[in-house]
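Here is how the chains run, residue by residue.
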Amino acid sequence: MEGAVLAVPAIGFNAVYAVLRFANFAVASIATIGAFAGWTANTALGWPIVPSLIAAFAVAGVAGVVADEAALRPLRSSGALTTTIASVALGIILENAVRFVFGNDPRGFDLAVHRDWRGFGLHAGPQQVQDAIAAIVAMAALFCFLAFTRAGKTMRAVADNPMLASLKGIDAVRIGRIANFVGLGLAGFGGMLVALDTQVDPLTGFRVLLSIFAAAVVGGLGSVPGAVMGAFLIGIGEEMSLLVLPATYRGAVGFLAILLMLSFRPAGLLGQRAS
Amino acid sequence: MVITRRTALAVGLAAPFIRFARAADEPLRIGALCPLTGAGGQYGPSMVKVIQAAADEINQAGGIGGRQIAVTVADTQTNPDAGVAGAHKLIDVDRVSAVVGTWASAVTTAVAPLCWEAKVMLFTVSGADSITKLPHQGYIIRTQPNTRLQMTRATQFLIDNKAKRVFALAAQTPFAVDSYTRISEVMKAGGGEAIGQIIYDPKQTSFRSEIDRALGEKPDTLFLNAYAPDLAVLLRELYQAGYDGHRLTPGYAATPTVLSSLQPELTSGLWSFAPSPDLDSPAYATVRKILGTQNPDPYSCQVYDHVNMIALAVAKSGQTTGMAIHDSIRKVSQGSGREVHGATEGMKLLAAGTGVNYSGASGPCDFTPEGDIISCKFRFDEVEGGQPKLLSLS
Amino acid sequence: MTAYLASLMVFAGINVLLALGLNVVWGLGGMINLGLAGFFALGAYASALLSLRLGWPIPLACLAAVGIAAALGTVLAAVTARLKGDYLALVTLGFAQVIQLIAANERWLSNGTDGISGVPGPWRSVLSPMQFDLLCMALCWGLVVVCWAALTRLALSPFARVLRAMREDEMVAAVAGKRVLWFKIRAFALGTGVSGLAGSVYVHFNGYIAPDSLDVLLTLNVVLALTLGGTGRMAGAVIGALLLEALTEGSRFMGDVVPALSPVQVASLREAVIGGVLILVLRLRPQGLLPEASRPMNLEPNR
């Protein structure tokens, strides 16, 4: 279950990496922004879940593009590491913007609470199942976007071979913006899914940051299907770690996974780029 | 200071000062170190309001022999790190003689060494047993019943309500382990059993694995030793997990905000326990008036007593230092003097040479040599339709 | 007020130490270490536990703290030997998070989220608060001067030249016969040791340490300090840290200027300002105020 939810922001992160070639640490705060957007739609406007999720996607996508244009794009010529450091700073700014408006207290969604379904010694919450379905739908939508739309195919072209793409006259800046909107929008969507499962507060995204990175790295930085695979592996890994480690160490699983993967197979399971 | 955001915040509360330094004498400086935000954020603002009102009341009646009381406020954020930063500022910069109102046991434990090393009196509303066992040389006074007393009464309530198998889910605090030890002792003596405890990190946003393990032991009662934010999550997830047994939680966790933010079916039947203020005391009536409510929380009642006792101790000793308060506090809070319910009333008697025994909004305010109160009343409530209903008070 | 300024100077000194430590690893060696907070924590907790629970004298606890931080820095360097750029950033950041997790959960060791309080300070119980603050300021800056002098000398040594060469192009350095891994490890150990020292100074001054003290913001502050001052030169680290301290203290009064804001809002504004300044500096003067004399500093190893 958790793997599906984690996959969405991981895909977003990898999509951005594929096209723009840097690790965007602000993805956590964008996820938080998405969560708050969805929460506002749900509690202040009274929207049900699905429109709220779409609101989360849209607001996060726009916020991501604007933030990138303002803070990160001018730095991209200075290199990936500079941009990454700037994205850490950007993440802090965005998180605090959310905190400024909403404060630190956790909020809950205006949704009915259900008892878990039980069977065969297991139990699953209807909410979790819903989240998983939403995640799968989002991934399917992305796949269609990348495979069948012009913008999506152009994105893939730029990701695969930026030199050739620019030779063919593809506008790198425009594609970058599309990649940001889609990728960071997904991060926001994923952020709301995480919040549905836990709670909405300024640190919602930050708490899953390490797991998102782990999923992205394990699957292969820049690979969208890799991110899905990585997310499921990390999700399973974290659940299984409960057998050996206390529940609070789940974050360490992500760290270990990153370390192992980068040391032995930096390209990840499905990635093509080795550096 | 740049190290942490919390450190920076607590020290940054430089703006809201209240100084009444009109008298030629040095004012009596008191620091209000309360949780204005964080898990205890429900109580901090009203505690500060009461502290300031109590000081105002005394100042307007002429102060302490002409000396005014000056209150400085700092936010602990219910976080020991910020609490320590706030204490540093109050002690080093504002030169307070007493720190009043630390709420979370972890904050009090962190702040206490700063106070006793600087010979500043610490008046706290925290309950953990370990606090008064620290080597504080008499510089800690607490008006909250300690964990041992609380758990004894709470567990007795459970036994009276036919609980047989109690499992505890506790937030990580200085009193988690001591609480469970006492619960086990009392359950055993009462013919039941404490079947286990899981301590969790209150910052987690989900407790499903902990709940699964707890319910696997088949308890008939869960003791939720939580703070407000984690209680909300626990109640929701317990409902989702299909738990229908009894639940008991401390009153400071089942705040009105928590109860109103959850659907009624999640909180229906929830038991809570809390030390009760002295409902008949004139001091209690004063606190009611200050806060404008019929049911002031126990902490606001306690800090009212703190300020009044400090004033009396200073009046008795003639000096404003922390050490002076330390030496005189029990001469005014207990003993054979005449019973008084306010500092102004008591100071008149002291000036006339009569001894006083302060008895306040929170109770008789008589302290052991370690700084604990000797006894107090408790109330037990059950939540129905999102509102707590009083079950018993004794 | 003097006591307040003195304590400010102590925290400034601690930040300078952290900046110096990062400069060895990043400025000289070109290896980004975003796990600073973790080594700071190691130094602080080690010093606290040794002096409080085992009764070691403070200077000894301090030395041990430095040693422990350096030892773990060695391990981290060995394990991340082949990583570069943002990969290294990711892993080192993860390392700091794991340290924070351990500090929050291993109650038997670290007292969990309650933190460790009552840590002894040099003569804390016999001095007045003001005297104690002044003494700590003197001791702290004494250490800063010593480290600064030592590291400046180091920056002129053959060891540093090799590091710089590796920073520019690892392949060439390896071909020239230098055992790259061994140099990396030593640079890391040195840098993390100094970070551990900063942690030790902090805990003996503050008397308290908790997992919450270890924030991502701490690391970001130090990165900002180095970016401001210019990586590579030790003087740059010092100037950057002091400038940053001034910026942070100045922004504290933001709360006074706009009284309508709540404490939470003031705090979030201040943090956002720090992030904003970092981005601005990266845009406008990425080489910092005191760039390395030899070439304009940029953050990427390239030629």
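Every chain begins its residue count from 1, and numbering advances along the sequence as written. Both sets of labels track the order of writing: A upward for chains, 1 upward for ligands. Only residues with pLDDT of at least 70 get local features here, since the model is predicted, and only at 80 or more are side-chain atom pairs given and counted; chain-wide, interface and lining totals rely on the full set of residues. As a convention, hydrogens and water are excluded, and side-chain values are obtained from all of the structure's heavy atoms.

Residue and element names in this part refer to chain A. Nonpolar side chains collect at one region of the surface, where I236, M240, L243, V244 and L245 lie side by side and expose about 560 Å² of accessible area between them. Helix and strand assignments come from DSSP, with helices taken as H or I runs of at least 4 residues and strands as E runs of at least 2, each series counted from the N terminus. Mapped onto the elements, L243 comes out in helix α11 (residues 224–244). Each residue's exposure class comes from its accessible area (1.4 Å probe, protein chains only) as a fraction of the maximum for that residue type: buried when under 20%, exposed when over 50%, partly exposed otherwise. Here L243 falls in the exposed class, since its relative accessible area comes to 75%. By definition, no residue in a patch forms a salt bridge, and every one has over 30% relative accessible area; like charges are joined within 9 Å, nonpolar side chains (Val, Leu, Ile, Met, Phe, Trp, Tyr) within 5 Å. Residue-level accessible areas treat just the shown protein chains as cover; the underlying method is Shrake-Rupley with a 1.4 Å probe. We define a salt bridge as a side-chain nitrogen of Lys or Arg found within 4 Å of a carboxyl oxygen belonging to Asp or Glu.

With that settled, consider unusual backbone geometry. All names here are of chain B. With a phi close to 55°, K119 is a non-glycine residue in the positive phi region. Overall, K119 belongs to the partly exposed group, its relative accessible area being 38%. Even without being glycine, Q137 reaches a positive phi, approximately 55°. Its place among the elements puts Q137 in the loop between α5 (129–133) and β6 (140–142).

Every residue gets a pLDDT, meaning the predictor's confidence in that residue, from 0 to 100. Overall, the prediction assigns chain A a mean pLDDT of 84, with 95% of residues at 70 or greater. The element-level mean pLDDT for chain A is lowest in strand β2 (residues 122–124) of chain A, coming to 70, with helix α2 (residues 27–43) of chain A highest at 94.

Quick look at helix α10 (residues 209–219) of chain A now. All names here are of chain A. Of all eleven residues that make up α10, eleven are buried, and the element is covered over most of its length. Of all the positions in α10, only L209, L210, S211, I212, F213, A214, A215, A216, V217, V218 and G219 are classed as buried. One or two positions beyond α10, positive phi appears at G220, with a value near 115°.

Here, two residues are considered to be in contact whenever any of their heavy atoms come within 4.5 Å of each other. Taken together, the contact between chain C and chain A spans 40 residues of the former and 43 residues of the latter. Summing both partners gives a buried area of about 3600 Å² for chain C against chain A, and 75% of it is carried by carbon and sulfur. Linking chain C with chain A are one salt bridge. One salt bridge in this structure joins R99 of chain A and E271 of chain C, with 4.0 Å as the shortest N-O distance. Residues adjacent in sequence count toward polar contacts only when both atoms are side-chain atoms; beyond that, a polar contact is any pair of N or O atoms within 3.5 Å, and within protein one must be able to donate a hydrogen and the other to accept it. For the pair chain C and chain A, the number of links is three residue pairs in polar contact (both at pLDDT 80 or more). Breaking the side of chain C that touches chain A down by element, the ones donating at least two residues are α4 (85–105), α10 (216–229) and α13 (263–284) of chain C. Accessible area, probed at 1.4 Å, shrinks when two parts are joined; the buried area is that loss added up over both.

Here the focus is the packing of aromatic side chains. Ring pairs shown here join Phe, Tyr and Trp side chains whose ring centres sit within 6.5 Å, with only the six-membered ring taken for Trp; geometry is labelled stacked below 30 degrees between planes, edge-to-face above 60, and tilted in between. Following the criterion strictly, the structure yields 22 aromatic pairs over all chains and no others. Centre to centre, the rings of Y200 of chain B and F207 of chain B are 4.5 Å apart; their planes meet at 55°, and the pair counts as tilted. By relative accessible area, Y200 of chain B is classed as buried at 2%. Judged by its relative accessible area of 0%, F207 of chain B falls in the buried class. Between the aromatic rings of F11 of chain C and Y202 of chain C, the centroid separation amounts to 6.0 Å while the plane-to-plane angle is 55°, which identifies the pairing as tilted. One end of the pair, F11 of chain C, is in helix α1 (residues 2–28); the other, Y202 of chain C, is in helix α9 (residues 180–206), and 191 residues separate them in sequence. F11 of chain C sits in the buried class, given a relative accessible area of 2%. Three or more aromatic residues joined by ring pairs make a cluster, and in this case those are Y43, W103, Y227, Y252 and Y299 of chain B. Over a ring means this: the NZ of a Lys or the CZ of an Arg is within 6 Å of the ring centre and within 35 degrees of the ring normal. Positioned above the aromatic ring of Y239 of chain B, the side-chain terminus of R115 of chain A is 4.0 Å from the ring centre.

Okay, the pattern of salt bridges next. What the rule picks out here adds up to twelve salt bridges over all chains. The residue E69 of chain A makes a salt bridge to R177 of chain A at a minimum N-O spacing of 3.0 Å. Taken as a pair, E69 of chain A in helix α3 (residues 49–72) and R177 of chain A in helix α8 (residues 172–197) lie far apart in primary sequence, 108 residues in all. We note a salt bridge from D244 of chain B to R115 of chain A, for which the minimum N-O separation is 3.5 Å. One end of the pair, D244 of chain B, is in the loop between α9 (228–240) and β10 (246–250); the other, R115 of chain A, is in the loop between α4 (80–102) and β1 (117–119), on a second chain. What makes R115 of chain A partly exposed here is its relative accessible area of 30%. Beyond isolated ion pairs, a larger network of salt bridges with shared partners links E69, R73 and R177 of chain A.

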